[in-house]
Amino acid sequence: MTPAPSAWLQRFAPEVPGLALDVACGSGRNLRWLADAGWRVTGVDRDTAATAPLRSIAEIVDADIENSPWPLQDRAFDLVVVCNYLWRPLFDTVKSALKPGGWLVWETFADGQQTIGRPSRADFLLQRGELLRVCEGWRIVAYEDLFEHGADAKTSPRFVQRVVAIRPTDSPPAAA
């Protein structure tokens with residue numbers, strides 16, 4: 001069974017498809033949904049075995065983005081999606097991958113998660129308001145920093161932080 005795409009992404013993805021980047025794309029759940037919605041998608045992950053079957057609908061880039069140079073240095077996207085992934089040294093790199101006017105959809109675990117499960121290391125948990133600070137000066141479309149009880153037996157409770165932000169059209173490139 002194919003994992004469901006992020007409900008946050010489905011709710012807030014721009015209606016007009018363009019170029020999308022799925023950072024740390026994992027199983028490809030968001031990549032698949034974006035491609036089905038008409039986006040031209042690039043997915044990047046260090047282990048692309050799970051996304052290999054999706055090469056017919058998306059560009060898959062195999063790269064260790066935490067320990068190697070950013071593989072998409074000269075590329076810009078209309079939408080960048082990051083779900084359940086946090087590597088703070090990539091904040092500026094991810095932001096600079098967006099075209100001016102591009103949308104950032106970021107959703108990942110937040111402080112408090114360590115009290116109920118994985119991830120439990122503070123390095124992998126957003127601090128309160130951290131995504132708002134990362135997107136300072138951008139137009140914030142939506143933001144949540146909350147505890148979710150789990151909608152059903154398949155959904156575990158979790159602490160999560162989410163942002164949807166639009167890069168200003170007059171913004172200079174972010175320092176990568």
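Here goes a summary of the coordinates provided.

Scoring rules and cut-offs
Residues numbered from 1 in each chain as written. Predicted model: local features only at pLDDT ≥ 70, side-chain atom pairs only at ≥ 80, totals over all residues. Heavy atoms only, no water. Buried < 20%, exposed > 50% of the residue type's maximum accessible area, 1.4 Å probe, protein only. Helix = DSSP H or I, 4+ residues; strand = E, 2+ residues; numbered from the N terminus. Pairing = 2+ DSSP bridges. Right-handed = clockwise from strand over helix to strand, strands pointing away. Lys, Arg positive; Asp, Glu negative; His and termini not counted. Salt bridge = Lys/Arg side-chain N within 4 Å of Asp/Glu carboxyl O. Polar contact = N/O pair within 3.5 Å; in protein donor to acceptor, adjacent residues only side chain to side chain. Contact = heavy atoms within 4.5 Å. Core = buried A, V, L, I, M, F, W, Y, C linked by side-chain atoms within 4.5 Å. Arc of directions from axis to C-beta.

What to know about the pairing of strand β1 (residues 19–23)
Okay, step 1: With four of five residues buried, β1 is to be regarded as a mostly interior element.
Okay, step 2: As defined by bridge partners, β1 adjoins strand β2 (residues 40–45) across five bridges and the pair is classed as parallel. In the sheet register, V23 faces β2, and the bridge partner there is V44.
Okay, step 3: In this region the chain leaves β1, passes through helix α2 (residues 29–36) and returns to the parallel neighbour β2; the handedness of that crossover is right-handed.
Okay, step 4: By the bridge criterion, four bridges tie β1 to strand β4 (residues 77–83) in an arrangement that is parallel. Paired with D22 across the bridge in β4 is V81.

Some remarks on the side chain of D22
Okay, step 1: Considering the arrangement of structural elements, one finds D22 in strand β1.
Okay, step 2: The side chain of D22 sits in the buried core without any salt bridge; R29 is the nearest counter-charge, 7.3 Å away.
Okay, step 3: In terms of polar contacts, D22 uses its side chain to reach the backbone amide nitrogen of L31, at 3.2 Å.
Okay, step 4: In this structure D22 touches N30, L31, T42, G43, V44 and V81, once residues within four positions along its chain are discounted.

Some remarks on the nonpolar core
Okay, step 1: With 27 residues, the main nonpolar core has L21, V23, V80 and W106 as its most contacted residues.
Okay, step 2: Elements with a contribution of two residues or more to this core: β1, β4, α3 (91–96), β5 (98–109), α4 (130–134) and β7 (158–166).
Okay, step 3: Beyond its immediate stretch of four places on either side in the chain, V23 contacts V44, I65, W70, V80, V81, V82, Y85 and V94.
Okay, step 4: By size, the runner-up hydrophobic cluster in this structure holds 20 residues, among which are L9, A35, I60 and C83.

What to know about α2
Okay, step 1: Along α2, the residues classified as buried are N30, L31, L34 and A35. One face of α2 carries all of its buried residues, which in axial projection span an arc of 135°.
Okay, step 2: The first or second residue beyond α2 is G38, which carries a positive phi of 100°.

Don't take any of this as a statement about function, it's just geometry.
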